[in-house]
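# Chains, contacts and geometry: an overview
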Amino acid sequence: MLRKGDKLYPVSWKKRRKRRPPKLKAMYDAGGKDAIGFIGSNRTSNEENYLLQKLARTTFGTNNIDHHRSADYTGLITALGDRAGDSLLTMEQLYQSKAVLLVGNDPTNQNPLVGWQIRSGIAITALSCS
């Protein structure tokens, strides 16, 4: 879906890709297809994981695909390399986010503080927009 004003309209992934969020676009422009990656969840079906990898490969042209391994944060930080700190989001930044995309994920179950920050921040944003 693509937001125009107050309404959401269905669009193709190809069209949506052209209107990527500014930070994602800046990362993609600076580092190309290897600058972004996709991390799936161990709670999603094989079909959903297939669609995620298809999205990553066909829409974004990246083969950087992995899956969530039950809170293996050390492995994730190691995989991100020297710039791991650039990829981290503080709880305050999460709270202030205007949008959060979750795919096959349950942050309330996996990390209750993250779930709370998402719900609280989005609720405050929704109230201030009305």
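Residues numbered from 1 in each chain as written. Predicted model: local features only at pLDDT ≥ 70, side-chain atom pairs only at ≥ 80, totals over all residues. Heavy atoms only, no water.

## A few points about the overall build of the protein
A count of helical and extended segments in the protein gives eight helices and four strands. In sequence order, the protein lays out its α and β elements as β-β-α-α-β-α-β-α-α-α-α-α. When each of the 130 residues of the protein is scored for burial, the buried share is 19%. In the structure as shown, the protein presents an accessible area of about 9900 Å², 56% of it carried by carbon and sulfur atoms. (Helix = DSSP H or I, 4+ residues; strand = E, 2+ residues; numbered from the N terminus. Buried < 20%, exposed > 50% of the residue type's maximum accessible area, 1.4 Å probe, protein only. Areas by Shrake-Rupley, 256 points an atom, 1.4 Å probe, with all protein chains shown as cover.)

## Examining the nonpolar core
In this structure, Y28, I36, F38, L52, L55, A56 and F60 together form the largest nonpolar core, which totals seven residues. Those residues in contact with L55, other than ones at most four positions away along the chain, are W13, F38 and F60. (Core = buried A, V, L, I, M, F, W, Y, C linked by side-chain atoms within 4.5 Å. Contact = heavy atoms within 4.5 Å.)

## Topic: the side chain of Q53
Within the secondary structure, Q53 is located in helix α3 (residues 46-59). Polar contacts involving the side chain of Q53 include one to the side chain of R57, which spans 2.3 Å. (Polar contact = N/O pair within 3.5 Å; in protein donor to acceptor, adjacent residues only side chain to side chain.)

## A closer look at a nonpolar patch on the surface
Together, I77, L80 and L88 line one region of the surface with nonpolar side chains, adding up to about 250 Å² of accessible area. Structurally, I77 can be placed in helix α4 (residues 73-80). What makes I77 partly exposed here is its relative accessible area of 35%. (Patch = residues over 30% accessible without salt bridge, like charges linked within 9 Å, V, L, I, M, F, W, Y side chains within 5 Å. Salt bridge = Lys/Arg side-chain N within 4 Å of Asp/Glu carboxyl O.)

## Some words on α3
Because the α-helix completes a turn every 3.6 residues, residues three or four places apart line up on one side. The terminal C-alpha atoms of α3, which comprises 14 residues, lie 19 Å apart, in line with the 20 Å expected from a rise of 1.5 Å per residue. Within α3, burial applies to L52, Q53, L55, A56 and T59. Phi for G61, located one or two positions after α3, is positive at around 65°. (Expected span 1.5 Å × (residues − 1).)

## A word on the packing of aromatic side chains
For the coordinates displayed, the defined rule picks out one aromatic pair. The interplanar angle of 55° and the centroid separation of 5.5 Å between the aromatic rings of F38 and F60 together place this pair among those described as tilted. Here F38, found in strand β3 (residues 38-40), pairs with F60, found in the loop between α3 and β4 (65-67); they are 22 residues apart in sequence, far enough to count as distant. By relative accessible area, F38 is classed as buried at 16%. (Phe/Tyr/Trp six-rings, centres within 6.5 Å; stacked < 30°, edge-to-face > 60°.)

## Here we look at the confidence of the model for the protein
Summing up the model confidence of the protein, the mean pLDDT is 77 and the portion of residues at 70 or higher is 82%. Per-element mean pLDDT across the protein ranges from 70 in helix α5 (residues 84-87) up to 88 in α3. Of the regions scoring below 50 in pLDDT, residues 126-130 engages in zero contacts with residues more than four places distant in sequence or in other chains. (pLDDT = per-residue confidence, 0-100.)

## Quick look at the environment of P107
Mapping P107 onto the fold places it in helix α7 (residues 107-110). The class for P107 is buried, based on a relative accessible area of 12%. Between the alpha carbons of P107 and Q117 there is a distance of 9.8 Å; along the sequence they are 10 residues apart. In this structure P107 touches L102, P112, V114, G115 and I118, once residues within four positions along its chain are discounted.

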